[in-house]
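Below, each chain spelled out in residue letters.
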Amino acid sequence: MFDKFGHDDEGSDDPGYAEEIDMAPEVRDPSDRFDTDLPSAPKPIDGDADPEIQKEFWAQVILFNIALFTLSLGLMLVGFEQRWTFGGALVAVGIITFARGYSRYRSFQKD
C-alpha cells in the first residue's frame, strides 16, 4: 500500500507510481492592488551658486569637521585612556575651531 507521497508502507524497494501532489499554497501578490508608476525627479536648476558662497560653504564644512573630530577624539582620549595632556589639547582645539566656525557662520549670515 502506498501513502500519498508514493512511499510503500510495507518496506518494498519499489516506490510504485504515485501522482505528485503540489504542496505549495497559492499566494496573491499584494502589490498588484497598487499603482507601481514611480514619480519622476525634477530637473536640476541650471546655474551655479556664487563663488563666494561656495568658498564659505566649504570653509565651514572643513572647520566643523575638524572641530567635531578633534573634540570627540580628545574626549575619548581623556575618558578612556586618561591622556589628559594630549586629549585636553585636542578638546581645546575642537572648542576653538567650533567657535571660529560659528563666528564665521554668523558674520556671513549677517552679510
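Look above for the structure.
This section reports on the structure supplied with the text.

Below, the discussion takes up the side chain of T70. Structurally, T70 is set in helix 1 (residues 51–81). Of the residues examined, T70 reaches a relative accessible area of 9% and is grouped as buried. Here I66 takes part through its backbone oxygen, which lies 2.8 Å from a polar atom of the side chain of T70. At a separation of 3.3 Å, a polar atom in the side chain of T70 contacts the main-chain amide nitrogen of G94. If we ignore the near neighbours within four places in the chain, the residues touching T70 are L90, V91, V93 and G94.

This paragraph deals with the packing of aromatic side chains. Summed over the entire model, instances satisfying the criterion amount to two aromatic pairs. Residues F64 and F98 carry aromatic rings whose centres are separated by 5.5 Å and whose planes lie at 70° to one another, so their mutual orientation is edge-to-face. Residue F64 is found in helix 1, and its partner F98 is found in helix 2 (residues 84–110); the two are separated by 34 residues along the sequence. Of the residues examined, F64 reaches a relative accessible area of 26% and is grouped as partly exposed. The exposure class assigned to F98 is partly exposed, which follows from its relative accessible area of 46%.

Attention now goes to the environment of V78. Within the element layout of this structure, V78 appears in helix 1. On a C-alpha basis, the gap between V78 and L90 in space is 9.7 Å, while along the polypeptide they are twelve residues apart. What V78 contacts, discounting residues up to four positions off in sequence, is R83, W84, G87 and G88.

Moving on: a nonpolar patch on the surface. A cluster of nonpolar side chains, namely F98, Y102 and Y105, defines an oily patch on the protein surface of about 330 Å² accessible area. Mapped onto the elements, Y105 comes out in helix 2.

Analysis parameters
Residues numbered from 1 in each chain as written. Predicted model: local features only at pLDDT ≥ 70, side-chain atom pairs only at ≥ 80, totals over all residues. Heavy atoms only, no water. Helix = DSSP H or I, 4+ residues; strand = E, 2+ residues; numbered from the N terminus. Buried < 20%, exposed > 50% of the residue type's maximum accessible area, 1.4 Å probe, protein only. Polar contact = N/O pair within 3.5 Å; in protein donor to acceptor, adjacent residues only side chain to side chain. Contact = heavy atoms within 4.5 Å. Phe/Tyr/Trp six-rings, centres within 6.5 Å; stacked < 30°, edge-to-face > 60°. Patch = residues over 30% accessible without salt bridge, like charges linked within 9 Å, V, L, I, M, F, W, Y side chains within 5 Å. Areas by Shrake-Rupley, 256 points an atom, 1.4 Å probe, with all protein chains shown as cover. Salt bridge = Lys/Arg side-chain N within 4 Å of Asp/Glu carboxyl O.

Don't take any of this as a statement about function, it's just geometry.
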